[in-house]
Amino acid sequence: MDFSEDVEASRTSSKHDENAHIQHVELTEEDSKRILRKTDSVILVILVWVYFLQILDKSVLGYGSIFGLQKDTGLKGNQYSLVGSIAPIAQLAWQPLSSILIVKVPHRILMPAMVLGWGIAQTSMAACHNYHGLLATRFFLGLFEGGCLPLFSIITNQWYRRAEQPIRVAAWYGTNGLATIFASAVSYGLGHIKSEALHSWQIIFLFVGLVTIVTAPFVYWKLDNGVTSARFLTETERSQAVERLRANQTGIGSSKFEWDQAIEVFLEPKTYLWVAMSLLLNVGASVTNTFGPLILNTLIKDKYKASLLNMPFGAVQFIIIIIASYAAQKAKLKSAVLVVLVIPVVAGLAMLYALPRSQVAACLGGYYLLAFLFGSNPLIVSWIVGNTAGTTKKSIIMSLYNAGSSAGNIIGPLLFNAADAPNYHPGLRSVLGIFIALAIVILIQLANLMFLNKLQSKKRVANGKAAVIHDVSMEDHYVNIDTEGVGEHAFDLTDRKNDEFVYIY
């Protein structure tokens, strides 16, 4: 699609779109705050709790290794690495179907089905006694978790203003850190249980899996499919909730899978830059998830202390995610914060590479610096959904982003060979170069979005509109659209076809 076709597309709406030409309604700042509070109390609570469980179920494998998983199941060589990698392999294979399901299946059905599926898989891991059993259950764990990140990202985008999204994404993604703290504490406590029937790691897997299973019916009971059908809002509030989102220009959800939007995704360079960010970032993230406890175990020989020492790492994760997202929200600038977050990660990797393992305190400091990388994912997620309009397009882009994340989680553990213990120098050297490349990709994407905004200005002028539009979606408080005619196609056009769309940096 060339520039002239883009101009023509921006003149006409999708005539058959179910959300086309939604009428304006009156909305005040007080109304907006009330709707936001209600949305947080239902939707955000569900997102936070379920994402917490997803991270918990995924991360307890590392703690199982501390409590004898490899010995009890007879894992040899790189088999533990492959068990860690099979979940993201399943996620990677599942992404094409996931992008369709997120559009076609009501979220109230899709989310609890996913939760139940991975809860059963996690619980079943406790019954595994060999490599093949662990491989099979971890495969299904990854399969059912595969749609979690894209689904949560789209739900956040469909319920919140663009200015509100970074801190909401941080709220649920920040449970990465909270789950790490909880997993460390639970592993320490459950690891002390003496049982002739079950190993410590089996007790841990059973506990977190069963908690996940009982969560599924709660999610079905409380979750709504979208703002237009929200049971916790009155009929008037539902109309106002839609109006609140008009300035986003990113839509409120559709059950139609539109192939023209799918084609558009693959024609845009920014898609490949998003995927590159995800791939590079999650190579490092998988290293901390899978090998973090093992690295600690090489520094601290007591397995119980090694488990507890991962708690500060989780606390740093959570704090960094919240601070980084808050800073990006206030500065209205995600790219700069992302580049800043890379610096301490590079420093931490350099410390782990250069320092002898006998310097325990310094090595722990370097390891804890890696927690800064977790501040990046929620920023990138909110950056993507804030720059993408069209339900099908968002679903595909977030599934591709998750595919990049899965690929990173596959590559990451494979960079660290058991033969390289306890220093893991080759793996650390590779990850160091990867994070430097990540900073470069972020800057290229920033330049690309600036270029796209210039093209948008030219399209507006060609269509007889003002070159510059005030983007009220990024204001701290709700502000009515102050330009006549703007927002008429906020719910039925993609960002590329809508000349009123403003890309955020």
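These numbers come from a predicted model, not from an experiment.

What counts as what
Residues numbered from 1 in each chain as written. Predicted model: local features only at pLDDT ≥ 70, side-chain atom pairs only at ≥ 80, totals over all residues. Heavy atoms only, no water. Helix = DSSP H or I, 4+ residues; strand = E, 2+ residues; numbered from the N terminus. Buried < 20%, exposed > 50% of the residue type's maximum accessible area, 1.4 Å probe, protein only. Contact = heavy atoms within 4.5 Å. Areas by Shrake-Rupley, 256 points an atom, 1.4 Å probe, with all protein chains shown as cover. Patch = residues over 30% accessible without salt bridge, like charges linked within 9 Å, V, L, I, M, F, W, Y side chains within 5 Å. Salt bridge = Lys/Arg side-chain N within 4 Å of Asp/Glu carboxyl O. Axes fitted to C-alpha atoms, helices over the stretch in contact; angles between N-to-C directions. Left-handed = near helix turned anticlockwise from the far one by under 90°. Phe/Tyr/Trp six-rings, centres within 6.5 Å; stacked < 30°, edge-to-face > 60°. Polar contact = N/O pair within 3.5 Å; in protein donor to acceptor, adjacent residues only side chain to side chain. Parallel < 35°, antiparallel > 145°, perpendicular 65-115°, else oblique. Core = buried A, V, L, I, M, F, W, Y, C linked by side-chain atoms within 4.5 Å. Expected span 1.5 Å × (residues − 1). pLDDT = per-residue confidence, 0-100.

Asker: I'd love a proper account of the overall build of the chain, names of residues and values included.
Answerer: A tally of regular secondary structure across the chain gives 20 helices and zero strands. The burial tally for the chain puts 60% of its 505 residues in the buried class. Long-range contacts, defined here as pairs at least 24 residues apart, represent 84% of the contacts in the chain between residues at least 6 apart. In the form shown here, the chain has an accessible surface area of approximately 18,800 Å², with 67% of it arising from carbon and sulfur atoms.

Asker: Residue-level account of a nonpolar patch on the surface, with values.
Answerer: Side chains of Ile436, Ile440 and Ile444 sit close together on the surface and give an oily, nonpolar patch of about 270 Å² of accessible area. Here isoleucine 444 shows up in helix α20 (residues 425-462). Given the relative accessible area of 43%, isoleucine 444 is considered partly exposed.

Asker: Any chance you could break down the packing of helix α4 (residues 79-104) against helix α6 (residues 131-145) for me, citing the residues and the numbers?
Answerer: One way to put it is that α4 packs onto α6 with a least axis distance of 7 Å and a crossing angle of 30 degrees. Here α4 and α6 pass one another in a crossing that is right-handed. Packed against α4, whose contacting residues are Gln79, Leu82, Val83, Gly84, Ile86, Ala87, Ala90, Gln91 and Trp94, the element α6 presents Tyr131, Leu134, Leu135, Arg138, Phe139, Gly142, Leu143 and Glu145 at the interface.

Asker: If you had to explain the packing of aromatic side chains to someone new, which residues and values would you point to?
Answerer: For the structure on display, the rule yields 15 aromatic pairs. Measuring from ring centre to ring centre gives 5.5 Å for phenylalanine 139 and phenylalanine 140, while their planes differ by 90 degrees; the resulting arrangement is edge-to-face. Note on phenylalanine 139: relative accessible area 30%, which makes it partly exposed. Measuring from centroid to centroid gives 5.6 Å for tryptophan 159 and phenylalanine 232, while their planes differ by 25 degrees, and the two rings are stacked. Of this pair, tryptophan 159 sits in helix α7 (residues 148-159) while phenylalanine 232 sits in the loop between α10 (200-222) and α11 (235-244), placing them 73 residues apart in sequence.

Asker: I'd love a proper account of helix α18 (residues 376-386), names of residues and values included.
Answerer: The buried count for α18 comes to 11 of 11 residues, which makes it a mostly enclosed element. Along α18, the residues classified as buried are Ser376, Asn377, Pro378, Leu379, Ile380, Val381, Ser382, Trp383, Ile384, Val385 and Gly386.

Asker: Can you lay out the side chain of aspartate 471 for me, pointing to particular residues and giving the numbers?
Answerer: Position of aspartate 471 relative to the elements: it lies in the segment after α20. At a separation of 2.8 Å, a polar atom in the side chain of aspartate 471 contacts the side chain of arginine 162. Setting aside chain neighbours within four positions, we find aspartate 471 in contact with Arg162, Ala247, Val502 and Ile504.

Asker: How would you summarise unusual backbone geometry if you had to cite specific residues and measurements?
Answerer: It is generally the case that most residues other than glycine have a negative phi and that most peptide bonds are trans. Here the phi dihedral of lysine 332 falls at roughly 55 degrees; this positive angle occurs in a residue that is not glycine. Structurally, lysine 332 is set in the loop between α15 (311-331) and α16 (334-354). In this structure lysine 332 comes out as partly exposed when scored by relative accessible area, which is 34%.

Asker: Which residues make up the side chain of threonine 175, and what values do they have?
Answerer: By secondary structure assignment, the location of threonine 175 is in helix α9 (residues 175-190). The class for threonine 175 is buried, based on a relative accessible area of 1%. At 2.6 Å, the side chain of threonine 175 and the backbone oxygen of tryptophan 172 are in polar contact. Discounting residues that sit within four places of it in the chain, threonine 175 has contacts with Val48, Tyr51, Phe52 and Ile55.

Asker: Which residues make up the packing of helix α2 (residues 29-66) against α6, and what are the values?
Answerer: Helix packing for two helices is described by the angle between their axes and how far apart those axes are. The contact between α2 and α6 brings their axes to 11 Å, and the two run at 155 degrees. Between α2 and α6, the angle falls in the class roughly antiparallel. Crossing of α2 over α6 shows left-handed handedness. From α2, Gln54, Asp57, Lys58 and Leu61 reach across to α6, where they touch Arg138, Leu141 and Glu145.

Asker: I'd like a rundown of the nonpolar core, residues and numbers included.
Answerer: If you look at the biggest cluster of nonpolar residues, it comprises 128 residues, and the most contacted ones within it are Met111, Phe152, Trp172 and Phe435. Apart from residues no more than four positions distant in its own chain, tryptophan 172 is found in contact with Leu44, Leu47, Val48, Tyr51, Leu149, Phe152, Ser153, Thr156 and Val381.

Asker: Lay out the pattern of salt bridges with the relevant residues and their values.
Answerer: The final tally for this structure, using the stated rule, is 18 salt bridges. With its nearest N and O atoms 3.9 Å apart, the salt bridge here joins lysine 33 to glutamate 29. Residue lysine 33 and its partner glutamate 29 are located together in helix α2, separated by four residues, close to a single helical turn. Residue class for lysine 33 comes out partly exposed when judged on its relative accessible area of 41%. In this structure, a network of salt bridges that share partners links the residues Glu264, Glu268, Lys270, Lys393 and Asp495.

Asker: Kindly report on α7, identifying the contributing residues and their values.
Answerer: Three- or four-residue spacings in an α-helix give side chains the same orientation, since the helix completes a turn every 3.6 residues. Counted at 1.5 Å a residue, the expected span for α7 with its 12 residues is 16 Å, and the 17 Å between its end C-alpha atoms agrees. Most of α7 is tucked away, with 12 of its 12 residues classed as buried. Of all the residues in α7, the buried ones are Cys148, Leu149, Pro150, Leu151, Phe152, Ser153, Ile154, Ile155, Thr156, Asn157, Gln158 and Trp159.

Asker: Residue-level account of the environment of phenylalanine 152, with values.
Answerer: The residue phenylalanine 152 is located in helix α7 in this model. Exposure remark for phenylalanine 152: the relative accessible area of 0% places this residue in the buried category. Beyond its immediate sequence surroundings of up to four residues, phenylalanine 152 is in contact with Leu47, Val50, Tyr51, Met111 and Trp172.

Asker: Account for the confidence of the model for the chain, naming residues and giving values.
Answerer: On average, the chain scores 86 in pLDDT, and the residues at 70 or more come to 90%. Least confident of the elements in the chain is helix α1 (residues 3-11), whose mean pLDDT is 45; most confident is helix α5 (residues 107-125), at 96. A low-confidence stretch, residues 3-17 (pLDDT under 50), is modelled with 30 contacts involving residues beyond four sequence positions or located in other chains.

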